[in-house]
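Understanding the architecture of this molecule
Given next are the chains, with one letter for each unit.
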Amino acid sequence: MDHDREAQMLRAAQLYYYENLTQGAIADRMNCTRWTVGRLLDEARACGIVAISINHPRSRVPTLEKRLVEAFGLGEAIVVRQQSTPAGTLELVAAAAADYITALRPQPESMGIAWGRTLTAVARAMPEDWAHGVDVYQTYGGLTRSNDDVVADSIGLMARRARGVGHMLPAPAIVSDVDLGRRLRNEPSVARTLAVAPRSDVLVFSPGVLEEESVLVRSGFLTERGMERLRAMGAVTDIFSRFLDMSGEPVSQELEERTIAIPLDAVRQAKRSVAVASSLVKAVPMLVAMRSRLATAAVVDEELAKEILLLGRLGAEGH
């Protein structure tokens, strides 16, 4: 680099960032035009003389975002700072997901939504009247019993905030036998939603953790013993109520046929699918979602992002 040009960039940057002078004032001081000052400042940023960072507890982490995109071939990644409490981190992740969705252009006219604690937080973070007339589709069956109505919160509230219509699935997530599952999926009111939901402008979900506190266990769809059997079969997460192994494949065909949910192949062909999660317990589920092309975008906290990258690297080295 020409030393005179470098000296000019340095002086312009110091006057602009240290002394807070306007570009016009700097031009007068350096006896040049405002256009030249603007070019000097642009070049100073481009060559690293000036490095701009945003230091705020609610800011994003672009280095981790870039690494996630490169490691898993994502279209986009959003990584937010860790907060002082798990609840605070979830709130920030949900707000970032809401910001991402509302900033999409063209604005979504339809959405396919999972239900659960994380998606409830996202729905509550959505601003009022951010859109008009959005069709919001439930992507898999609902609860039969629960202490908190997470289905209505995550799907009904999402529809109300977008001044749209919520299309619910009038069926449980998992039914008792294969024949009943087949008949329900062929029921017109169910079949239409299952067909249309994955063709939405955006799918939003959070991969599940296989634990005794899972909503699917608490709601009665699965017993704790049933969850243990699924883990013994290799299941590491549930995505759209489908229990998957590390490669993103279902571990039980019989359970698949009892599940009322959109097909995973349809998710992989969706226009945009966004996986949202906070907490380290979601590391393996998020890894599966991203590595098996069930997510084209991710919204996570920084500690979770680091753990996902570590697990991904260890898995690659193991092969």
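Residues numbered from 1 in each chain as written. Predicted model: local features only at pLDDT ≥ 70, side-chain atom pairs only at ≥ 80, totals over all residues. Heavy atoms only, no water.

**Quick look at the side chain of Glu65**
Quick note on the threshold: In this text, helices come from DSSP runs of H or I with a minimum length of four residues, and strands from runs of E with a minimum of two, each type numbered from the N-terminal end. The buried label applies to any residue whose accessible area, calculated with a 1.4 Å probe on protein chains only, is under 20% of its type's maximum; exposed applies above 50%, and partly exposed to all values in between. Counted as a polar contact is a pair of N or O atoms within 3.5 Å, where, for protein atoms, one must be capable of donating a hydrogen and the other of accepting one, and residues adjacent in sequence contribute only when both atoms are in side chains. Contacts are residue-level and defined by heavy atoms, with any inter-residue pair within 4.5 Å sufficient.
Along the chain, the position of Glu65 falls in helix H4 (residues 62–72). Of the residues examined, Glu65 reaches a relative accessible area of 10% and is grouped as buried. A distance of 2.8 Å separates a polar atom in the side chain of Glu65 from a polar atom in the side chain of Arg60. Look past the residues within four positions of Glu65 in its chain and what remains in contact with it is Arg60, Ala77, Ile78 and Val79.

**Some words on unusual backbone geometry**
Omega for the peptide link from Arg105 to Pro106 comes to 0°, which places this bond in the cis form. Here Pro106 lies in the loop between helix H5 (86–103) and strand S2 (110–113). Look at Ser241: it is not a glycine, yet its phi comes out positive at around 65°. Note that Ser241 resides in the loop between strand S6 (237–239) and strand S7 (242–244). Owing to a relative accessible area of 1%, Ser241 belongs among the buried residues under this scheme. Even without being glycine, Arg293 reaches a positive phi, approximately 65°. By secondary structure assignment, the location of Arg293 is in the loop between helix H14 (283–291) and strand S9 (297–301).

**With respect to the nonpolar core**
Rule in force here: Definition used in this section: a nonpolar core is a set of buried Ala, Val, Leu, Ile, Met, Phe, Trp, Tyr and Cys residues joined via side-chain atoms within 4.5 Å.
Within the largest apolar cluster, 88 residues are counted, with the highest numbers of intra-cluster contacts made by Leu68, Met111, Phe243 and Ile308. Excluding anything up to four places from it in sequence, Ile308 contacts Leu68, Phe72, Ala283, Met286, Leu287, Met290 and Val300. Of all hydrophobic cores here, the second largest spans 13 residues; its members include Met9, Ala13, Val37 and Leu41.

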